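Below are the chains, spelled out letter by letter.
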Amino acid sequence: MPKVRGQSSVLSPHKGVQMTDNKLDFFKVKGRKIAVDGKGRIRLDDIHKAGGFTRQTPYEWGRLATTLSLITFTAEKNTGKSRLLSKDDLLSVFCARRGNLGGVWAHPNLALAYAKYLSPSLHYEVNEVFLRYKAGDATLADEILQHAPAKDNEWAGVRALGRAKRIDLTATLKEHDVTKPLEFARVTNGTYKGLLGKTAKQLRAEKGLSKTASLRDAMNTRDLVFVMASEQLAKERIEDEDSRGVHQCEIAATKSAASIRSAIEADRADRSKRLV
């Protein structure tokens, strides 16, 4: 076995473990949500609860010699290293954390090994559902939303439609000579500035998000609808005017978003007058 620095500290809660902007995804096993963080690690505590176990906790499993060997092997595969592993290398595949996102988090291969340790039937079910989750099975999300409040269903539906429209706009931008990540960001900022009067950076700061956080995941349903309308209009304007390059497309996006904003403000002003 290769030498590992800090292996015994893997199960100690670490404040520095990155949980990717506190944004979690979920899949469901036995009616319980299983959390997946932004780095693809699965919360083992959720699997433990889904199985209805009181013993064989993730912490106990993580202290087994066979588990430590598996953690090391998984870290090697994950990092491409074959000799010396750092503590961060190990934490990338297996870590514990306190707070709102507390629990033991593990690479999917380790999570499946833990489910198998708990019970063969649980291992099978976790594996089956996780494969559907990784494949982007839309019916899996629908199964989860069936048990969610109406408000959450509405937000998820609008978010999904907005994502589809965003993909349409991105395809149009590529056809009009916008190809680099920073260029797409400029056009997006054109939408935000025209509609909301602020850049993505300013909006993230306003919402207390990190620079890598998904701004749209933090938006409410209303703002998502307005952004979606702005981007649909921008797509049409770019095509009709045959805008080319990032500068022209950014201007088109800003104009389209400003048109949506003007319509919103005019409608609100009209309603305000009627209430006087």
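Model, not experiment: these values are computed from the prediction. (Residues numbered from 1 in each chain as written. Predicted model: local features only at pLDDT ≥ 70, side-chain atom pairs only at ≥ 80, totals over all residues. Heavy atoms only, no water.)

Trainee: I keep staring at the packing of helix α11 (residues 221–241) against helix α12 (residues 245–275) and nothing clicks. Help me out?
Mentor: Describing two packed helices takes the angle between their axes plus the distance from one axis to the other. Close contact between α11 and α12 brings their axes to 8 Å; oriented N to C, the two are set at 135°. In terms of axis orientation, α11 runs oblique to α12. Between α11 and α12 lies a crossing whose hand is right-handed. Residue-level inspection shows Arg 222, Phe 226, Ala 229, Ser 230, Leu 233, Ala 234, Arg 237 and Ile 238 of α11 in contact with α12, the latter providing Cys 249, Ala 252, Ala 253, Lys 255, Ser 256, Ala 257, Ser 259, Ile 260, Ile 264 and Arg 268. (Axes fitted to C-alpha atoms, helices over the stretch in contact; angles between N-to-C directions. Helix = DSSP H or I, 4+ residues; strand = E, 2+ residues; numbered from the N terminus. Parallel < 35°, antiparallel > 145°, perpendicular 65-115°, else oblique. Left-handed = near helix turned anticlockwise from the far one by under 90°. Contact = heavy atoms within 4.5 Å.)

Trainee: What should I look at first to understand α11 in this one?
Mentor: A turn of α-helix holds 3.6 residues, and therefore any two residues three or four places apart point the same way. In this model α11 runs 30 Å from its N-terminal to its C-terminal C-alpha over 21 residues, within 8% of the 30 Å that 1.5 Å per residue would give. Where α11 is concerned, the buried positions are Thr 221, Asp 223, Leu 224, Val 227, Met 228, Ser 230, Glu 231, Ala 234, Lys 235 and Ile 238. Where α11 begins, the side chain of Asn 220 points an oxygen toward the backbone nitrogen of Arg 222, at a separation of 3.3 Å. Phi for Asp 242, located one or two positions after α11, is positive at around 50°. (Expected span 1.5 Å × (residues − 1). Buried < 20%, exposed > 50% of the residue type's maximum accessible area, 1.4 Å probe, protein only. Polar contact = N/O pair within 3.5 Å; in protein donor to acceptor, adjacent residues only side chain to side chain.)

Trainee: Looking at this structure, I do not really get the packing of helix α9 (residues 181–196) against α12. What am I missing?
Mentor: Two elements in contact, α9 and α12, have axes separated by 7 Å at closest approach and are oriented at 20°. It follows that α9 is roughly parallel to α12 by the angle criterion. The two elements α9 and α12 meet at a crossing, and its hand is right-handed. Side by side, α9 and α12 meet where Glu 183, Arg 186, Val 187, Gly 190, Thr 191, Lys 193, Gly 194, Leu 195 and Leu 196 of the first sit next to Val 246, His 247, Cys 249, Glu 250, Ala 253, Thr 254, Ala 257, Ala 258, Ile 260, Arg 261 and Ile 264 of the second. Residues of the contact of α9 with α12, tallied by class, amount to 10 nonpolar, five polar and five charged. (Nonpolar A, V, L, I, M, F, W, Y, C, P; charged D, E, K, R; others polar.)

Trainee: Help me understand helix α10 (residues 200–207), please; the structure alone is not making it clear to me.
Mentor: Within α10 the residues assigned to the buried category are Ala 200, Leu 203 and Arg 204. The buried residues of α10 all sit within an arc of 100° when viewed along its axis, so they share a single face. Exposed and oriented more than 90 degrees from the buried face of α10 are Lys 201, Ala 205 and Glu 206. Here the buried face of α10 lies against α9. Phi for Gly 208, located one or two positions after α10, is positive at around 75°. (Arc of directions from axis to C-beta.)

Trainee: What should I look at first to understand unusual backbone geometry in this one?
Mentor: When glycine is set aside, most residues are seen to have a negative phi, and most peptide bonds are trans. A positive phi angle is found at Gln 56, which is not glycine, with a value near 55°. Here Gln 56 is to be found in the loop between α1 (44–50) and α2 (58–62).

Trainee: What's the story with the packing of aromatic side chains in this structure? I'm lost.
Mentor: Any aromatic ring pair is given by two values, namely how distant the centres are and how the planes are angled relative to each other. All chains considered together, the criterion is met by four aromatic pairs. Ring plane angle 40° and centroid distance 6.4 Å describe the contact between Trp 61 and Tyr 117, whose orientation is recorded as tilted. Separated by 56 residues along the polypeptide, Trp 61 in helix α2 and Tyr 117 in helix α5 (residues 108–118) bring together distant segments of the chain. Judged by its relative accessible area of 4%, Trp 61 falls in the buried class. (Phe/Tyr/Trp six-rings, centres within 6.5 Å; stacked < 30°, edge-to-face > 60°.)

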